[in-house]
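Okay, here's what each chain looks like letter by letter:
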Amino acid sequence: MKPFRDKRRDSRPPAKGGAEPPRRRDAGLTAGSEPKLQDRSEPTAAPRPLSRRDGALPAEHLPLILEVGPNQDYALLDSGAGEKLEQYGPYRIVRPEGQAIWQKALPARDWERADAIFTGDTDEEGIGRWRFPKTPLGETWPMKHDGIDYLGRFTSFRHVGVFPEQASHWDHMAGLIAAAKRPVKVLNLFGYTGLASLVAARAGAEVTHVDASKKAIGWARENQEMAGLSQKPIRWIVDDAVKFAEREERRGSRYDIILFDPPAYGRGPKGEVWQLFEDLPALTDICRAILTPKPLAVVLTAYSIRASFFAIHALMRDTFAGMGGTVESGELIIREKSAGRALSTSLFSRWVA
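Reading the values: the criteria
- Residues numbered from 1 in each chain as written.
- Predicted model: local features only at pLDDT ≥ 70, side-chain atom pairs only at ≥ 80, totals over all residues.
- Heavy atoms only, no water.
- Helix = DSSP H or I, 4+ residues; strand = E, 2+ residues; numbered from the N terminus.
- Buried < 20%, exposed > 50% of the residue type's maximum accessible area, 1.4 Å probe, protein only.
- Contact = heavy atoms within 4.5 Å.
- Areas by Shrake-Rupley, 256 points an atom, 1.4 Å probe, with all protein chains shown as cover.
- Core = buried A, V, L, I, M, F, W, Y, C linked by side-chain atoms within 4.5 Å.
- Phe/Tyr/Trp six-rings, centres within 6.5 Å; stacked < 30°, edge-to-face > 60°.
- Lys NZ or Arg CZ within 6 Å of the ring centre and 35° of its normal.
- Axes fitted to C-alpha atoms, helices over the stretch in contact; angles between N-to-C directions.
- Parallel < 35°, antiparallel > 145°, perpendicular 65-115°, else oblique.
- Left-handed = near helix turned anticlockwise from the far one by under 90°.
- Nonpolar A, V, L, I, M, F, W, Y, C, P; charged D, E, K, R; others polar.
- Pairing = 2+ DSSP bridges.
- Arc of directions from axis to C-beta.
- Polar contact = N/O pair within 3.5 Å; in protein donor to acceptor, adjacent residues only side chain to side chain.

Participant: So what about the overall build of the protein chain? Which residues, and what values?
Facilitator: Scanning the protein chain from N- to C-terminus turns up 7 helices and 17 strands. When burial is assessed residue by residue, the protein chain has 56% of its 353 residues classed as buried. Put simply, of all contacts in the protein chain between residues at least 6 apart along the chain, 68% involve residues at least 24 apart. Total accessible area on the protein chain stands at roughly 14,800 Å², and carbon and sulfur atoms take up 52% of it.

Participant: Tell me what's going on with the nonpolar core, and back it up with residues and numbers.
Facilitator: Residues I93, V186 and I257 are the most contacted members of the largest nonpolar core, which totals 44 residues. Per element, the largest residue contribution to this core is 6 residues, and it comes from helix α3 (residues 195–202). Those residues in contact with I257, other than ones at most four positions away along the chain, are M173, L176, I177, V184, K185, V186, L187, L296 and A297. Among the nonpolar cores identified, the runner-up in size contains 31 residues, and L187, V210, I286 and C287 belong to it.

Participant: Describe unusual backbone geometry, with residues and values.
Facilitator: Following L62, the chain continues into P63 via a peptide bond in cis, with omega recorded as -10°. Within the fold, P63 resides in strand β1 (residues 59–68). One non-glycine residue, R158, lies in positive phi territory at about 70°. Position of R158 among the secondary structure elements: in the loop between β8 (148–153) and α2 (167–180). On the basis of relative accessibility, which here comes to 4%, the residue R158 falls in the buried class. Unlike most non-glycine residues, K181 shows phi in positive territory, near 55°.

Participant: Now, about the packing of aromatic side chains: what can you tell me, with residues and values included?
Facilitator: Under the definition given, this model contains 12 aromatic pairs. Relative to W141, the ring of Y91 has its centre 5.5 Å away and its plane inclined at 75°; by these criteria the two rings are edge-to-face. A residue pair is termed long-range when its members are at least 10 positions apart, and Y91 in strand β4 (residues 91–96) and W141 in strand β7 (residues 140–145) qualify at 50 residues. The pair Y91 / W141 is uniform in exposure class, with both members buried. For the ring pair Y192 and W219, a centre distance of 6.0 Å and an interplane angle of 65° mean the geometry is edge-to-face. Of this pair, Y192 sits in the loop between β9 (185–189) and α3 while W219 sits in helix α4 (residues 214–226), and the two are 27 residues apart along the sequence. Pairwise contacts between aromatic rings join Y91, F118, W130, F132, W141 and F154 into one cluster. Lying over the aromatic face of W111, K104 brings its terminal NZ or CZ to 4.0 Å of the ring centre. Sitting above the plane of the Y255 ring, K185 keeps its charged end 5.3 Å from the centroid.

Participant: Could you give an account of the packing of helix α6 (residues 276–289) against helix α7 (residues 309–319), naming the residues involved and the relevant values?
Facilitator: Where α6 meets α7, the closest approach of the two axes is 10 Å, and the angle between their N-to-C directions is 40°. Taken as axis vectors, α6 and α7 run oblique relative to one another. Between α6 and α7 lies a crossing of right-handed hand. Residues L280, P281, T284, D285 and R288 of α6 lie in contact with α7, whose contacting residues are I312, L315, M316 and T319. The class makeup of the residues in the contact of α6 with α7 is 5 nonpolar, 2 polar and 2 charged.

Participant: Describe the pairing of strand β3 (residues 83–88), and please don't skip the residues or the numbers.
Facilitator: Of the strand pairs in this sheet, strand β2 (residues 74–80) and β3 are connected by 6 bridges, and their pairing is antiparallel. Bridged to L76 within β3 is E86. Linking two consecutive strands that pair antiparallel, namely β2 and β3, is a turn of 2 residues; a positive phi of about 55° is found at A81 within it. For β3 and β4, the ladder comprises 6 bridges, and the chain directions are antiparallel. What sits directly across from K84, in β4, is R95.

Participant: Describe helix α5 (residues 241–251), with residues and values.
Facilitator: Those residues of α5 lying buried are A241, V242, F244, A245 and E248. Taken down its axis, α5 places every buried residue within 165° of arc, on the same side. Structurally, α5 contributes buried residues whose contacts are with β9, β10 (206–211), β11 (234–238), β14 (273–275) and α6. For α5, the N-terminal capping position is held by D240, with its side-chain oxygen 3.2 Å away from the main-chain nitrogen of V242. Count one or two residues on from α5 and you reach G252, which has phi positive near 80°.

Participant: I'd like a rundown of the packing of α2 against α3, residues and numbers included.
Facilitator: Between α2 and α3, the least distance of the axes is 9 Å, while the angle of their chain directions is 25°. In terms of orientation, α2 lies roughly parallel with respect to α3. The hand of the α2/α3 crossing is right-handed. Between α2, through W170, M173, A174 and I177, and α3, the contact on the second element is made entirely by L195, A196, V199 and A200.

Right, here's the structure in full:
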């Protein structure tokens with residue numbers, strides 16, 4: 001997960017001389033981290049040399065549509081006309097949703113019962129604000145996911161600290177950890193507010209959580225306390241995700257499961273620039289390099305609607321050539337409660353041993 005940005009719509013570069021667009025996570029970054037100027041004193045690293053790997057391509061399973069439906073913790077109540085109406089615990093929330101190009105199914109009175117509405121500049125690079133039609137609400141409120149307590153938060157980039165569609169990946173990961181019946185090490189790059197890390201830790205894994213935003217890491221630590229998982233082995237690391245992964249490769253550190261959810265565009269804590277289509281192949285290659293001899297899975301999520309999942313599917317199959325297993329690719333969707341429509345949120349591709 002990552003701080004305050006609309007993950008699907010941040011693929012444009014920043015205006016000249018302007019601030020970076022908000023993102024859910026950067027190249028270490030995380031969505032919503034404050035823009036930082038390039039550190040000119042730090043030498044630019046040479047591009048990672050890449051070559052096509054020998055060996056048979058993994059089996060493939062596609063398209064795979066992973067669906068999240070309404071439950072007691074979260075529900076997509078309705079959507080349409082560029083907006084979505086959601087239920088997060090006790091609160092009804094209205095936010096912009098560019099993919100909802102159909103018409104709303106529920107009557108206006110249901111939308112008017114919202115507790116919080118994101119208003120202001122709704123452009124993907126803009127900072128907006130929240131309006132509270134009933135009672136002014138605090139910045140944070142208690143939430144749950146599958147029995148894990150965490151904090152929801154009204155951020156200036158319309159996000160609330162959780163991306164419910166990722167629950168399909170979390171459940172899959174927890175199942176792999178439980179079935180392994182051995183110690184499992186998980187690396188969560190671009191970790192945002194930590195729900196994936198908490199799910200992995202609760203399932204019994206040793207977790208390394210990396211995000212470039214100090215604010216996001218602080219929020220994630222709060223979530224760990226709220227969840228009653230303070231004694232679980234989670235390393236919280238503020239760092240550029242790519243540089244951290246490169247150092248792990250040099251140090252010989254290895255992981256059984258790797259999650260990475262990079263932004264379309266972003267900057268790291270020292271001005272590192274990330275462009276999804278330019279930099280994703282190298283990061284995917286590094287992820288293969290830091291797997292244990294008996295790995296379980298590598299999960300990539302891409303919130304860029306300018307690509308097809310076939311693009312990242314082919315990249316993952318090429319990268320994991322010779323390792324066997326299966327590459328599963330498709331879309332993450334949320335099933336609407338009102339009319340049963342599917343709201344697509346992101347593309348994904350995962351290699352599973």
